[in-house]
Structures are given as C-alpha cells and as structure tokens.
Amino acid sequence: MPDPLWTAITGASSGIGAELARVYAARGRSLVLTARRSDRLDALKAELERTAPGIRVETVPLDLERPDAPAELISALDERGVAIHTFVNNAGFGLRGGFGTMPYADQVGMVELNVVALTKLCRLVLPRLIEAGRGGIVNVASTAAFQAIPYMAGYAATKAYVLSLSEALHEEAKRHGVTVTALCPGPTATEFTIRADMEKSKLFSHAMSAADVARIAADGHAAGRAIVIAGAANKAGAVAVKFAPRALIRRMAGWLQG
Ligand SMILES: NC(=O)c1ccc[n+]([C@@H]2O[C@H](COP(=O)([O-])OP(=O)(O)OC[C@H]3O[C@@H](n4cnc5c(N)ncnc54)[C@H](OP(=O)(O)O)[C@@H]3O)[C@@H](O)[C@H]2O)c1
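Thresholds, definitions, all that
Residues numbered from 1 in each chain as written. Predicted model: local features only at pLDDT ≥ 70, side-chain atom pairs only at ≥ 80, totals over all residues. Core = buried A, V, L, I, M, F, W, Y, C linked by C-beta atoms within 7 Å. Buried ≥ 20, exposed ≤ 12 C-beta atoms within 10 Å, placed from the backbone. Helix = DSSP H or I, 4+ residues; strand = E, 2+ residues; numbered from the N terminus. Contact = placed C-beta atoms within 7 Å. Expected span 1.5 Å × (residues − 1). Pairing = 2+ DSSP bridges. Axes fitted to C-alpha atoms, helices over the stretch in contact; angles between N-to-C directions. Right-handed = clockwise from strand over helix to strand, strands pointing away.

Student: What should I look at first to understand the nonpolar core in this one?
Tutor: The nonpolar side chains of a soluble globular protein tend to be buried with one another. With 71 residues, the main nonpolar core has Leu20, Ala21, Leu31, Leu33, Cys184 and Ala217 as its most contacted residues. A total of nine residues in this core trace back to one element, the largest contributor, which is helix α4 (residues 104-132). With residues near it in sequence (within four places) discarded, Cys184 still touches Ala141, Ser142, Thr143, Ala145, Leu163, Ile227, Val228, Ile229 and Ala230.

Listed below in structure tokens is the structure:
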C-alpha cells in the first residue's frame, strides 16, 4: 500500500476548514483535523470515515493562540507517524469595531492566531516539504488583504501579512517542487460573522458558500497558483482596488463596515 497523502487543516471544526476537509477526503487524502472544539472534530472524523472509506483521519484538539501550540501540533503528527503533504493554515477570525475601543486581549489573540501561529506553522512545515520535494501549504488570507479597512483595521492588516508572506514563500518554494498558495475568499457564509459581529452586514448579503470556496481553493493549489481569489465578483474587486485611488478605496471599505 502506498503511504497516504496527508493533509492537515487548522480550523477544521467549521466553515471553510470543514469544507476543505470534505473536498480533500473526497480526493482520497488522509487528514489531520485541528481546532479547539474536539466534539466538532470527532463528528467530522466520523462523517469522513463513512463517506470516504479508505482514508485515515486524525484529530488534534488545540488552541493555536497558545504560543507552544504550533510546535505541539507538529510533535503530535510526528508521534503518529504522519508525514504532511499539504498543510492548510485556515484557522482565523476577524473583529469589527473601533481600534481604540475593541478589547485589547481579543485584538492580540487575533494577531497570535492569524499571524503568529500561521508563521510558526509555515516555518515548521516548509523545510520538511522542501526536503521531500513535493506538496505545499495553503494559507487562508482574504480579500481584506488587498486594502486597509477602517473598523476592521487589525483584521485586514493580519490578512495583508498572510498574503505578502505567502507570495514570497511561493517564489522561494517553487524551485523545490513545493507550492505555497494564498487563498483569498470574499464574504463566505460561515461562523466567521458571529465573532466578527457581521451577521447583519450588507457585505454578507451575497456571501459565497464555504463548499464552493473550498473546491476553488483545492483546485487552485493543485494547479500551482500563488494566489487564489474565490469567485468572479471578488476577482473583479481585487482588480478594481489595484487601479482606484487608495484614499477612495479605504474610505469605501470603511463605509461598507457601517
Ligand atoms: N467567512 C468569511 O467571509 C471569510 C472571508 C475571508 C477569509 N476568511 C478566513 O477564512 C478562515 C476560516 O474562517 P471561516 O470563515 O471558515 O470561519 P469559522 O467558521 O468561524 O471557522 C474558523 C475556524 O478557526 C478555528 N479557530 C478559531 N480560533 C481558534 C484558536 N484559537 N485555535 C485554533 N483554532 C481556532 C475555529 O475552530 P474552534 O472554534 O473550534 O477553535 C474554526 O474551525 C479564517 O482565517 C478567516 O479569516 C473568512
């Protein structure tokens, strides 16, 4: 039997991460699922083992805001004899509100998860992929990465970091046969809106489904793309942002948060 192609997904307990797990399972990948809610991970594992017989599914419940958690995840994989082929840094959340009034701990936690944990995991995983000469990393950024967003200032900045890091790593890794992809979803129907306090936001009136975003992400990464923007409207928006004056774009972005 050939070794299973292992795909690890952070933030697999809901939304885009859970749908990515379903897409990769349907493509015959064995999976490592991680997030904090172990009951959700166990339910997804049971579902995938039923719908995709033959794959293996491991769960590693972890809070990735803890500084040691990324290294603990990699140790857990080593203990289980899992050699990662594809690593998806998907766990993340957004906060909406005035920068000077939102709770300090929440803002720092967002940076710890969206930026620090993602960076640690890239640093831990990439050398192994390069040594193997195959596989890749998908980092979930956002269309929020393309412009500053008043009232989501910190979130947009974390995603600009993810996009920039991923693009640079794409160039460093590709000559070793490894693909690094930044996934940029626009508004997507998930639990993201709850923590971000955006359940009533006009931005989410035409949200894409997480299943569509996941399929587009897996296809784009398999095709070796550096950046995958999910959906035609989001692609058009990314182009418009490039050519319109920055002052106009950031004012409009702030207005859309209202
Ligand atoms: N939905 C959108 O409109 C949208 C648009 C662009 C980009 N994104 C990005 O897409 C990614 C996935 O978000 P989503 O939309 O699928 O939202 P979601 O349904 O809320 O999923 C977020 C995932 O991250 C996990 N997570 C949150 N805090 C964590 C922590 N401290 N440690 C470990 N895992 C943690 C959650 O699991 P637990 O709570 O069980 O830990 C959950 O599985 C995020 O990076 C988000 O920024 C979303």
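Student: Please clarify how α4 should be interpreted in this entry.
Tutor: Think of an α-helix as 3.6 residues a turn; residues three or four steps apart then line up on the same face. Relative to the 42 Å expected for 29 residues at 1.5 Å per residue, α4 spans 41 Å between its end C-alpha atoms, a close match to the ideal helical length. Turning to α4, its buried residues number three or more, namely Met110, Leu113, Asn114, Ala117, Leu118, Leu121, Cys122, Val125, Leu126 and Leu129. On its buried face, α4 is in contact with α3 (69-79), β4 (84-89), β5 (136-140) and α5 (153-174). The positive-phi residue at the C-terminal boundary of α4 is Gly133, with phi of around 70°.

Student: For this particular structure, what's the right way to read the sheet that holds β4?
Tutor: The pairing of strands in a sheet comes from backbone hydrogen bonds and takes either a parallel or an antiparallel form. Judged by pairing direction, the sheet is parallel, and its seven strands sit side by side in the order β3-β2-β1-β4-β5-β6-β9 without closing on themselves. Pairing within the sheet leaves two strands with one partner each, and these edge strands are β3 (57-61) and β9 (227-229). On average, adjacent strands in this sheet sit at an angle of 15° to one another, irrespective of strand direction. Inspection of the sheet shows strand β2 (residues 30-35) paired to β3 by five bridges, in the parallel sense. Pairing of Leu33 across the sheet is with Thr59, part of β3. Helix α1 (residues 15-26) contacts β1 (6-10), β2, β4 and β5 of the sheet and is inclined by roughly 170° relative to β1.

Student: Is there a simple way to explain the pairing of strand β6 (residues 179-184) in this structure?
Tutor: Walk down a regular strand and you will see the side chains alternate between the two sheet faces. For β6, a buried count of six out of six residues is recorded, marking the element as mostly surrounded by other parts of the structure. A two-sided burial pattern is seen for β6, the buried positions comprising Thr179, Thr181 and Leu183 on one face and Val180, Ala182 and Cys184 on the other. In terms of strand pairing, β5 meets β6 through five bridges, oriented parallel. Across the sheet, the residue bridging to Asn139 is Ala182, located in β6. Taking the sense of rotation as the criterion, the β-α-β connection linking β5, α5 and β6 turns out right-handed. Note that β6 and β9 share three bridges and pair parallel.

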